[in-house]
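Coordinate analysis (summary)
So you can see what is in the structure, the chains are spelled out below.
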Amino acid sequence: MSDKKYKRSDRAIPDCDHLFNEDISKSGKRKSKFFRNLIFMNKWTLLLSTLVYIFQALPTFVMPICTSNIINIVQEALSTPQGMTDYAWQMIAINAGVTLFSILLNIPMTILRWRLVSKMLRETSAGIKCSLVRKLQHLSITYYKNMESGKIQAKFLKDCDSVDLLLNGITFTVIPNVVSMIISAGIAIYKNAWVALFFVCVIPINVILVYVFRKKIRATNRAFRLANESVSTRLTNMLDMLVLSKAHGLEQVEINDVTKRINELEGSGRAVDKVSAAFGSAVWVVSALLSMSCLVFCAVLAAFKIIQIGDVVLFQSMFVSITGYITVLINMAPQISVGLEGVNSLNEIMNNQDIESNLNKTTEQVVKGDIRFEHVTYAYPGTEQRVIDNFNFEIKAGECVAFVGSSGSGKSTTVNLIIGLLKPLVGHVYIDGIDLNELNLTEYRHNISVVPQNSILFAGSIKENITFGLSHYSEEDLNEVIKEANLDDLVNDLPKGLNTVVGEKGDKLSGGQKQRISIARALIRKPKILILDEATSALDNISEYKVQKAIDNSTKNKTTIIVAHRLSTIRHADKIVVMDKGHIAEVGTYRELLAKKGLFYELKRLNEINEEGENNELNQAI
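The structure contained in this document is the topic of the report that follows. This structure is a prediction, so every number in the text was calculated from the model and none was measured.

Attention shifts here to the overall build of the protein chain. Helix and strand counts for the protein chain come out as 21 helices and 14 strands. Put simply, 75% of the contacts in the protein chain that link residues at least 6 apart link residues at least 24 apart. Accessible surface, the protein chain as shown: approximately 33,600 Å² in total, 59% of it carbon and sulfur.

Now the structure itself:
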């Protein structure tokens, strides 16, 4: 793992990838090393903060001892003829002074410990989130095809919060209570072995409660997490389908479906609350009974003069403290269970091996744009259907090549293989003579620009959308791509020009306007390879004309790959590849393929019939 630290202003965020490393047992079972790695990463801070806590918590230990001492001093003095001597008063003053000092020491120690622990927890929390983001960026496209986005959001938001609460609970509750319990037990052992033995015999009863409830706590928390992920996923789908559901009057159907899942979540939540309530009640009753038994036991010892009267107060205080610490630790069980479930959930992402690895791969920049497919075969995971089968083809640098074919013929898969989003099951894809598997994909993709079928814009200005991800560009470059993308009229007509905010997902713009912004975004990167994936398929005739003009401007002096739906838009392509069931059916220019009267001719004829039908419907509507 990398030791690199990611900086934000003057704060360093640690690399937390290694926290999610796992051990594999001989039986093949995976075992998380999260807590072991977490403790090792923060060992010095944890050690120092624990030492500081001992001084912070001194009043807890000092006050019962001093109180016991004062009671015993007074008892002994009053049982003698001399009564309260100067020495007795002096000892009372010393005990009072020690108590006062320990109380006042609490203020600076609390502040110091807060600074140590807060820095550690905040940095670790930020590091975990950054590690998760990096992992999500490195996972392959097939992972996202199999994982609903709502689940990923639930894991990032809720499970990260659960882990944060777990880390806070361990640092602020578990460690202090364990340390306090050990110190209190040590004091009891030092003062009287019989009372210490009583403590040892009765306190483990609390531990039995954890064993009794642990499976139920774990099961209910897991069910609650899965129900929460289900609601998050369905809510994401509902928002994505909002326009469609309103257009078809399906609001109530959506409300009913989401409400059903929320009810299931509410039921899972009530199950968690029920188990937690029963567990908490049982812990309290047992603790109260044990506290009463300790008082009676110490009173008996005092009656037989085995211990002093003041020691009854000391031992009772120690026992109440110890049982209190144990009670707090036991009551942490549900929160720990939730946190562990969160760790397991994040482990599902962090230990997923479906990633793009660029380690020790060629970082040579692509300078030409030659592309060659050599016996390439591809099938999506879990299926035997070959989307691409023994595919051989070569694209020369600077050529404009269009891929056409019916739905499912392999056009988009071919493009994804060129981008490196998919890897061939058999065969190789070569870029400038270098196997794509040997290239650093991140560096390689700096030379590629993609204009997808559905324009992807975010809620910023036109300028911010065009220059997305670029730290350096000139105003001359920006003005040039605006002209090439045929955006002049849009920019000039808007009051704020390039600074106009496009709205969520660009909803304030038309489809054609959004697509031309996508083209401008692609061009400003000055790519060696430009990919246009059905860039005009969903546009009206006027928008298509403007976008097509932008495409014609953008294909000069670069390798251009076009996935086309409307065949009239690829008249000027150097080559047209007609795909059919993962194979190349025909290759040629627009005129050559029409002259063959083969599959391309049939596709063109069907395309014209569809376009004529669309125009007739439009005329009837007018």
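So that's the structure; there's more coming.
A few words now on helix α1 (residues 34–41). Listing the buried residues of α1 in full gives F34, N37 and L38. Angularly, the buried residues of α1 cover 100° about the axis, an arc narrow enough to put them on a single face. Those residues of α1 that are exposed and aimed more than 90 degrees away from the buried face are I39 and F40.

This part is about the side chain of N228. Its place among the elements puts N228 in helix α8 (residues 204–240). Once residues lying within four places of it in the same chain are set aside, the contact partners of N228 are A154, K158 and L265.

Our focus in this paragraph is the layout of surface pockets. Which parts of space are left empty comes out when a probe the size of a water molecule is rolled across the atoms. When its volume is computed, the largest pocket comes out at roughly 2,600 Å³. Together, 50 residues line the largest pocket, and I141, P452, I456, F468 and R521 are the ones closest to its centre. Where the lining of the largest pocket is concerned, the elements lending two or more residues are α4 (86–138), α5 (141–146), α6 (149–191), α8, α13 (411–419), α14 (441–445), β10 (448–451) and α18 (511–523). The element contributing the most residues to the lining of the largest pocket is α18, with six residues. A breakdown of the residues in the lining of the largest pocket according to their chemical character gives 21 nonpolar, 20 polar and nine charged.

When the charged atoms of two side chains with opposite charge come close together, those side chains can pair. If you walk through the whole model with that rule in mind, you get 17 salt bridges. In this structure, R134 engages D15 in a salt bridge whose closest nitrogen and oxygen atoms are separated by 3.1 Å. One end of the pair, R134, is in helix α4; the other, D15, is in the loop between β2 (11–13) and β3 (22–24), and 119 residues separate them in sequence. The two residues R134 and D15 agree in class, both being buried. Its salt-bridge partner being K526, residue D477 comes within 3.4 Å of it at the nearest N-O pair. Here D477, found in helix α16 (residues 475–484), pairs with K526, found in the loop between α18 and β11 (529–533); they are 49 residues apart in sequence, far enough to count as distant. In this structure, a network of salt bridges that share partners links the residues R234, E254, D257 and R261.

Where helix α3 (residues 58–78) meets helix α11 (residues 309–331), the closest approach of the two axes is 7 Å, and the angle between their N-to-C directions is 165°. Taken together, α3 and α11 sit at an angle that is classed as roughly antiparallel. The handedness of the crossing between α3 and α11 comes out as right-handed. Where α3 approaches α11, its residues T60, F61, P64, I65, T67, S68, I71, N72 and Q75 are matched on the opposing element by I309, G310, D311, V313, L314, S317, M318 and Y325. Its residues assigned to classes, the contact of α3 with α11 comprises nine nonpolar, seven polar and one charged.

Turning our attention to the nonpolar core. V404, I466, L487, I570, I576 and F600 are the most contacted members of the largest nonpolar core, which totals 36 residues. Those residues in contact with I576 that lie beyond four places of it in its chain are A402, V404, I570, E586, V587, G588, T589, Y590, L593 and F600. In terms of nonpolar packing, the next biggest core, distinct from the first, is built from 31 residues, I307, L314, M318 and A333 among them.

This next bit is on the packing of α3 against α4. As a packed pair, α3 and α4 sit with axes 9 Å apart at the nearest point and diverge in direction by 170°. The angle between the axes of α3 and α4 places the two elements in the roughly antiparallel class. Of α4, the residues touching α3 (which contributes L58, P59, V62, M63, C66, N69, I70, I73, V74 and A77) are A88, M91, I92, N95, V98, T99, S102, I103 and L105.

This part covers the environment of R445. Turning to its location among the elements, R445 is positioned in helix α14. When its relative accessible area of 21% is taken as the criterion, R445 is described as partly exposed. Between the C-alpha atom of R445 and that of G420, which follows or precedes it by 25 residues, the distance is 8.5 Å. Dropping the residues within four chain positions of it, R445 is found in contact with E356, I419, G420 and L421.

Scoring rules and cut-offs
- Residues numbered from 1 in each chain as written.
- Predicted model: local features only at pLDDT ≥ 70, side-chain atom pairs only at ≥ 80, totals over all residues.
- Heavy atoms only, no water.
- Helix = DSSP H or I, 4+ residues; strand = E, 2+ residues; numbered from the N terminus.
- Contact = heavy atoms within 4.5 Å.
- Areas by Shrake-Rupley, 256 points an atom, 1.4 Å probe, with all protein chains shown as cover.
- Buried < 20%, exposed > 50% of the residue type's maximum accessible area, 1.4 Å probe, protein only.
- Arc of directions from axis to C-beta.
- 1 Å grid on protein atoms, 1.4 Å probe; cavity = no way out; pocket = protein on both sides within 12 Å on 5 of 7 lines; lining within 4 Å.
- Points joined across faces, edges and corners; volume = space filled by probe spheres on them.
- Nonpolar A, V, L, I, M, F, W, Y, C, P; charged D, E, K, R; others polar.
- Salt bridge = Lys/Arg side-chain N within 4 Å of Asp/Glu carboxyl O.
- Axes fitted to C-alpha atoms, helices over the stretch in contact; angles between N-to-C directions.
- Parallel < 35°, antiparallel > 145°, perpendicular 65-115°, else oblique.
- Left-handed = near helix turned anticlockwise from the far one by under 90°.
- Core = buried A, V, L, I, M, F, W, Y, C linked by side-chain atoms within 4.5 Å.

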